[in-house]
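As a plain string of letters, each chain reads:
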Amino acid sequence: MVRQHPDDTIAAISSAPGPGLRAIVRLTGPDTRTAVTRIWSEPVSSIRGMHLGSIHLSDVSDRVPARLYFWPAPKTYTGQDLAEIHLISSPPLVDRLLADLLANGCRAAGPGEFTQRAFLAGKKDLTRAEAVLAVIDARTDDELSAALAQLAGGVSRPLERLRDDLLNLLADVEAGLDFADEDIEFVDSSALIGRLGNGIAHLTNLRRQLDSREVGGRAIRCVLVGEPNAGKSSLFNALAGSPAALVSPTAGTTRDYLTRAMSLDGVPIELVDTAGWQDETDAIVEQAQRLGRDQAHRADVLLWCVPAGEPFDPA
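The sections below set out a description of the structure shown in this document. (Residues numbered from 1 in each chain as written. Predicted model: local features only at pLDDT ≥ 70, side-chain atom pairs only at ≥ 80, totals over all residues. Heavy atoms only, no water.)

Structural notes on a negative patch on the surface
There is a patch of like negative charges on the surface, built from D181, E182, D183, E185 and D188. By relative accessible area, D181 is classed as exposed at 79%. (Patch = residues over 30% accessible without salt bridge, like charges linked within 9 Å, V, L, I, M, F, W, Y side chains within 5 Å. Areas by Shrake-Rupley, 256 points an atom, 1.4 Å probe, with all protein chains shown as cover. Salt bridge = Lys/Arg side-chain N within 4 Å of Asp/Glu carboxyl O. Lys, Arg positive; Asp, Glu negative; His and termini not counted. Charge placed at Lys NZ, Arg CZ, Asp CG, Glu CD. Buried < 20%, exposed > 50% of the residue type's maximum accessible area, 1.4 Å probe, protein only.)

Structure (structure tokens):
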């Protein structure tokens with residue numbers, strides 16, 4: 001495992017892979033200017049902004065036109081010197097540029113390391129740092145909206161207001177203790193209880209937001225359960241859109257559980273087919289029942305299946 005130290009100068013490709021109009025290679029750290037100077041056609045000053053020029057790469061005879069964006073510390077995303085090199089998105093050129101930067105003292109950035117440095121430098125709090133990952137991993141419009149709201153301070157700002165209110169309340173309480181022998185009341189007991197109750201309500205709402213975001217960030221587990229030969233595997237195949245599960249009129253065909261990832265109106269779903277519920281007559285059936293119960297306990301949604309025309313009786 002590569003040792004990650006916040007004082008290393010790191011580099012990474014920050015644009016989509018493949019050919020295109022523009023590729024972006026980003027680097028940050030105390031030796032950013034030195035690493036860039038070794039490949040840039042002109043001296044790199046400490047003036048922030050965009051510089052037009054070219055880069056000279058090893059094993060490439062001609063200079064490559066590029067743009068350099070340079071931001072000196074500390075007013076950057078990471079709190080360190082930060083630079084971006086924009087060039088035509090030719091995979092061989094981009095790979096060569098990154099290789100030359102690594103040869104000139106940079107280290108390949110780990111996943112999320114730029115945002116980690118932003119957090120360590122106090123540029124982003126933990127909730128906003130987590131929101132960056134949530135934006136990247138968002139798979140639906142709802143997930144993206146929730147992540148962008150958190151990135152904009154949807155969790156941080158209410159916590160900051162709550163902290164300020166509690167500090168003011170603490171000051172009132174301490175002042176009341178200092179002047180306990182005087183006929184001065186900075187905050188009465190009913191107001192104290194009311195402000196504490198409001199604080200608890202705010203924290204409860206924020207906790208619900210975070211819990212809903214956590215659930216929204218993964219696929220919903222929908223587990224098919226029911227008695228043997230109830231049509232679970234047929235329904236599984238129909239919903240999955242392919243004959244993934246064996247279907248037979250013989251009861252107990254399904255022994256192990258099957259999973260299939262699917263999407264329903266943009267919502268990711270993990271569909272699970274399990275063995276029919278029955279008495280444990282031998283070791284194999286016992287194991288199948290145990291696996292099925294385990295999947296049922298881990299389900300977000302239980303879909304009880306019964307043959308057409310029979311009453312619903314999960315007992």
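Text resumes after the structure shown.
Concerning the packing of aromatic side chains
Tallied over the entire structure, the rule returns one aromatic pair. Ring centres of Y69 and W71 lie 6.1 Å apart, and the angle between their planes is 15°; this geometry places the pair in the stacked category. Given a relative accessible area of 18%, Y69 falls into the buried group. The side chain of R26 reaches across the aromatic face of F114, ending 5.8 Å from its centre. (Phe/Tyr/Trp six-rings, centres within 6.5 Å; stacked < 30°, edge-to-face > 60°. Lys NZ or Arg CZ within 6 Å of the ring centre and 35° of its normal.)

Topic: the sheet that holds strand β3 (residues 49–55)
Within the open sheet, the six strands sit side by side as β3-β4-β5-β2-β1-β6. Their pairing is mixed. The sheet terminates laterally at β3 and β6 (107–108), the two strands that pair on one side only. Both strand β2 (residues 20–28) and strand β5 (residues 82–89) contribute to a ladder of seven bridges, which runs antiparallel. From the neighbouring strand, L27 faces β5, where its bridge partner is A83. (Pairing = 2+ DSSP bridges. Helix = DSSP H or I, 4+ residues; strand = E, 2+ residues; numbered from the N terminus.)

Some thoughts on unusual backbone geometry
Backbone phi values are negative for most residues with the exception of glycine, while trans is the configuration of most peptide bonds. In this structure, the amide linkage connecting A73 to the following residue, P74, adopts the cis form with an omega of 5°. Along the chain, the position of P74 falls in the loop between β4 (64–71) and β5. Backbone geometry at D59 places phi at a positive 65°, although glycine is not the residue there. Along the polypeptide, D59 turns up in the loop between β3 and β4. For D59, a relative accessible area of 73% puts it in the exposed group.

Remarks on the nonpolar core
Among the nonpolar cores identified, the biggest contains 24 residues, and L27, I55, L87, L97 and L101 are the most heavily contacted of them. Elements that contribute at least two residues to this core include exactly β2, α1 (32–37), β4, β5 and α2 (91–103). Per-element tally for this core: the top contributor is α2, with five residues. Among the nonpolar cores identified, the runner-up in size contains eight residues, and A230, F236, M262 and L271 belong to it. (Core = buried A, V, L, I, M, F, W, Y, C linked by side-chain atoms within 4.5 Å.)

Remarks on the pattern of salt bridges
Evaluated as defined, the whole model comprises 10 salt bridges. Ionic pairing is found between E113 and R107, a salt bridge with its closest N-O pair at 2.7 Å. The closest approach of N and O atoms between D165 and R195, which form a salt bridge, is 3.6 Å. Taken together, the positions of D165 in helix α6 (residues 156–178) and R195 in helix α7 (residues 189–216) put the pair 30 residues apart, joining distant regions of the chain. Because the salt bridges share partners, they merge into one network encompassing D8, R107, E113 and R117.

Quick notes on the side chain of E84
Residue position: E84 is located in strand β5. Overall, the relative accessible area of 11% leaves E84 in the buried class. Setting aside anything within four residues of it in sequence, one finds E84 in contact with I24, V25, R26, R67, L68, Y69 and W71. (Contact = heavy atoms within 4.5 Å.)

Quick word on the pairing of β5
For β5, the buried fraction is high: seven of the eight residues fall into the buried class. Sheet topology note: the β4/β5 ladder contains five bridges and is antiparallel. Bridging from a neighbouring strand, Y69 pairs with E84 of β5.

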